[in-house]
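Each chain, written out:
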Amino acid sequence: MATIRKLRGRWQAQVRRKGLQPRAKSFDSKSDAEQWARSLEAEVDRGGMLADTRLAERMTVRDLFDRYLKEVTPTKRSAKVETYRIKAMMKRPIGFRTLAMLRPEHIASYRDERLKTIGTGTMLKELNSLAHAIEVGRREWGVNLPQNPCRLVRRPKAPRGRDRRLSTDEEQKLLDAADAGRSPWMRPLIVLALETAMRQGEMLSLRWDDIDLKKRLAHLDLTKNGESRDVPLSRRALEALQELAGLRCDERVVPTTKSAVNQAWLHLRVRAGSPDLRFHDLRHEAVTRLLERGLNVIEVSTISGHKELRMLQRYSHLKAADLVDRLDE
């Protein structure tokens, strides 16, 4: 039986059971103390232990994220992006709520408010960050919670993948715009992206030691999915590399930074009359072209680095009418 008493102006509930560590907690009202004691006793009656919830009652979402940023985020390849995202979340009202008081309805309210200003893709990343931080806290840091409240919240539907392709003369307009710009490496970079399906970060990470001109291969030591791969080089890709070799100033194949490429791309796409085109759309175009050339999904995934073949499905723009003749072969 729990003991409820008034101590120094507050109501203290104390629960004792033989063989278990006693627990006590103070409340402003007697009813809150009684409710807490009943829930604790019910847990013991169900065969549970007197869970130590003190850390969950003391730690805020902000505190949880602070530790997560120090111990978990640095181990990820996306550490820089995740750090930026989590630090922004820490400043929002939900960051000041303790984990013990964090309910699914609070997370749902946060979701609905954020969706007024951000897309569903960004919202899903924020929910994933919060859910994983809480899970790590529960499993490894002694944050005693009956369940992860993020798992009980409805997630917004993931956005459809982009299917932006280059129009008939759009590629030439991009190359002409690159020639008219001040960045000499943008034209060969665009060609390389269209010919190899490499990600922007993968191309910027290339060193000349990674290029084997005799075997016509580019070696990527570490890719987004954490694995290395060799990318075959077409004749046009080799020509782009020769152009980049003429600009060589260090060991990097593309002697520039991600920030510089992004800035140059923003101006270039406007000059080309394609303000909605993203650099990553070039990878989409390249993968689609490989499929149109008749390569199967296994061959394409070897080049592009997609680990899950279903991810290539959205790159295929085959129409039913295009398959009619092949059915009679």
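Residues numbered from 1 in each chain as written. Predicted model: local features only at pLDDT ≥ 70, side-chain atom pairs only at ≥ 80, totals over all residues. Heavy atoms only, no water.

Tallied over the entire structure, the rule returns 24 salt bridges. With a closest N to O distance of 2.8 Å, E285 and R165 form a salt bridge. Separated by 120 residues along the polypeptide, E285 in helix α12 (residues 280-292) and R165 in the loop between α6 (120-140) and α7 (170-180) bring together distant segments of the chain. Given the relative accessible area of 2%, E285 is considered buried. Note that E202 and R229 form a salt bridge whose closest N and O atoms lie 2.9 Å from each other. Of this pair, E202 sits in helix α9 (residues 200-205) while R229 sits in strand β6 (residues 229-232), and the two are 27 residues apart along the sequence. No difference in accessibility class separates E202 from R229, as the two residues are buried. If you follow the salt bridges from partner to partner, you end up with R165, E171, E195, R236, E285, R289 and E292 in one network. (Salt bridge = Lys/Arg side-chain N within 4 Å of Asp/Glu carboxyl O. Helix = DSSP H or I, 4+ residues; strand = E, 2+ residues; numbered from the N terminus. Buried < 20%, exposed > 50% of the residue type's maximum accessible area, 1.4 Å probe, protein only.)

Once that is clear, we can look at the sheet that holds strand β1 (residues 3-7). One open sheet holds the 3 strands; their spatial order is β1-β2-β3, and the pairing between them is antiparallel. The sheet is open, and its two borders are formed by β1 and β3 (23-27), each paired with just one other strand. Ignoring which end each strand starts from, the neighbouring axes of this sheet average 25 degrees apart. Pairing of strand β2 (residues 10-15) with β3 involves 5 bridges; the strand directions are antiparallel. By the bridge assignment for β3, A13 is matched with K25. (Pairing = 2+ DSSP bridges. Axes fitted to C-alpha atoms, helices over the stretch in contact; angles between N-to-C directions.)

Grouped together as the largest cluster of nonpolar side chains are 46 residues, with contacts concentrated most on M186, W265, F279 and L282. Elements with a contribution of two residues or more to this core: α7, α8 (186-196), α9, β5 (217-220), α10 (235-245), α11 (258-271), α12 and α13 (297-304). Setting aside chain neighbours within four positions, we find F279 in contact with M186, L189, A193, Q200, M203, V261 and W265. Grouped together as the second largest cluster of nonpolar side chains are 30 residues, A56, M90, L102 and I134 included. (Core = buried A, V, L, I, M, F, W, Y, C linked by side-chain atoms within 4.5 Å. Contact = heavy atoms within 4.5 Å.)

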